[in-house]
Amino acid sequence: TVTFVLLGIVALTNQLLLIVIAATVPLNLLVARMLWWRLKSSNQLFRIAESAFMANLNETLTGLRLSRAHAIEEFSEDRLSHAAGTVAKEGMRLDFVNTLFGAGAWAVSTFLNMGVLGLGVWLAVSPDHSLTWGEHTYVVKRITIGELTILMSYYGLVAGAVGNILNGLPSMAAADDAIRSLAQLYAEEDEETNTGKRVVSAVTGDVRLDQVRFRYPTAERHSLDGLDLSIPAGTSLALVGPSGSGKSFFTNHRLP
């Protein structure tokens, strides 16, 4: 509202200056239009990379004991390092786009500042003259130094209002991507866990293991060696033992 009021005051004072000052809005919007989609894309890629890193980090920390048991610490470290590198790369790309956006807005603002000041000085030192455009003739009157100072102050207020909008666009792009991500999450249907599986109405029968042995191809010793186990139907079992004794293998694999 303030911007339109100030432009109205300038229009009543000097129409030629109005044209230059009013160009602030479309030129800045053009810069925003050119970089808006790149801002959104960079924010999306950074969010995806950050989410993948956090998922890998959580998986690595949660399965730390299992990684030690199977001696895959180096693999887990390399995977986590790769995810962190992707986050860093996408973060630098996002910072570059944000900086490019800010530099473009600053360049447009500086160019218009010089144009408005140069036109104002020319109007202050030149006599009254007329401009003909087609069948219309416009009289451009000379302005005083005081009027030039006031008009430059008005321009500063207009440029400041537009600049505040442009400076908030990177945050708006990040918020837009976050809202879209949440919308996709809420729009996803519930996972069908029973699809293609046989429904078991009741569990009957005991579980019995006699002298079960198992060793991974790359392991030096057996994970299970001579396991005898009897689990009556309807009962619970607690597996207790040191790391690498086969607890995870027993619960996560189908034994022969």
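Quick notes on the rules
Residues numbered from 1 in each chain as written. Predicted model: local features only at pLDDT ≥ 70, side-chain atom pairs only at ≥ 80, totals over all residues. Heavy atoms only, no water. Helix = DSSP H or I, 4+ residues; strand = E, 2+ residues; numbered from the N terminus. Buried < 20%, exposed > 50% of the residue type's maximum accessible area, 1.4 Å probe, protein only. Contact = heavy atoms within 4.5 Å. Areas by Shrake-Rupley, 256 points an atom, 1.4 Å probe, with all protein chains shown as cover. Patch = residues over 30% accessible without salt bridge, like charges linked within 9 Å, V, L, I, M, F, W, Y side chains within 5 Å. Salt bridge = Lys/Arg side-chain N within 4 Å of Asp/Glu carboxyl O. pLDDT = per-residue confidence, 0-100. Axes fitted to C-alpha atoms, helices over the stretch in contact; angles between N-to-C directions. Parallel < 35°, antiparallel > 145°, perpendicular 65-115°, else oblique. Left-handed = near helix turned anticlockwise from the far one by under 90°. Nonpolar A, V, L, I, M, F, W, Y, C, P; charged D, E, K, R; others polar.

(A) Summary view of the overall build of the protein chain. When its secondary structure is counted, the protein chain shows eight helices and four strands. Along the protein chain, helices and strands appear, N-terminal first, in the series α-α-α-α-α-β-β-α-α-β-β-α. Residue burial in the protein chain is summarised as follows: out of 256 residues, 25% are buried. For the protein chain, the proportion of contacts with a sequence separation of at least 24, taken over those separated by at least 6, is 60%. For the protein chain, the accessible area works out to roughly 18200 Å², and carbon and sulfur atoms hold 61% of it.

(B) Region of interest: the side chain of Asn 56. Its place among the elements puts Asn 56 in helix α3 (residues 24-62). Filtering out sequence-adjacent residues up to four positions away, Asn 56 remains in contact with Arg 79, Leu 80 and Ala 83.

(C) Structural context of a nonpolar patch on the surface. On the surface, a nonpolar cluster with roughly 290 Å² of combined accessible area is contributed by Leu 27, Leu 30 and Met 34. Mapped onto the fold, Leu 27 is located in helix α3.

(D) Inspection of the confidence of the model for the protein chain at higher detail. Residues at a pLDDT of 70 or more form 79% of the protein chain, whose mean pLDDT is 76. Mean pLDDT in the protein chain bottoms out at helix α1 (residues 2-13), which sits at 67, and peaks at helix α5 (residues 73-125), which reaches 83.

(E) Looking closely at the environment of Trp 36. Position of Trp 36 relative to the elements: it lies in helix α3. In this structure, the C-alpha to C-alpha distance between Trp 36 and Ala 173, residues 137 residues apart in sequence, is 7.6 Å. Ignoring sequence-local partners within four residues, the contact set of Trp 36 consists of Leu 169, Met 172 and Ala 173.

(F) Up close: the pattern of salt bridges. Within this structure, the stated rule accounts for three salt bridges. Of the charged contacts in the structure, one is a salt bridge between Arg 79 and Glu 59, with a shortest N-O distance of 3.4 Å. Remark: Glu 59 occurs in helix α3 and Arg 79 occurs in helix α5; sequence separation between them is 20 residues. Under the relative-accessibility criterion, Arg 79 is labelled partly exposed at 29%. For Glu 59, a relative accessible area of 45% gives the class partly exposed. One salt bridge in this structure joins Asp 210 and Arg 208, with 3.5 Å as the shortest N-O distance.

(G) Expanded view of the packing of α5 against helix α6 (residues 145-167). Taken N-terminus to C-terminus, the directions of α5 and α6 make an angle of 165°; their axes are 11 Å apart at the nearest point. The angle between α5 and α6 places the two elements in the roughly antiparallel class. Once α5 is placed against α6, the crossing between them reads as right-handed. Touching Phe 101, Ala 105, Ser 109, Leu 112, Asn 113, Val 116, Leu 117, Gly 120, Val 121 and Ala 124 of α5 are Ile 145, Leu 148, Met 152, Tyr 155 and Leu 166, all from α6. When grouped by side-chain class, the residues that make up the contact of α5 with α6 number twelve nonpolar, three polar and no charged.

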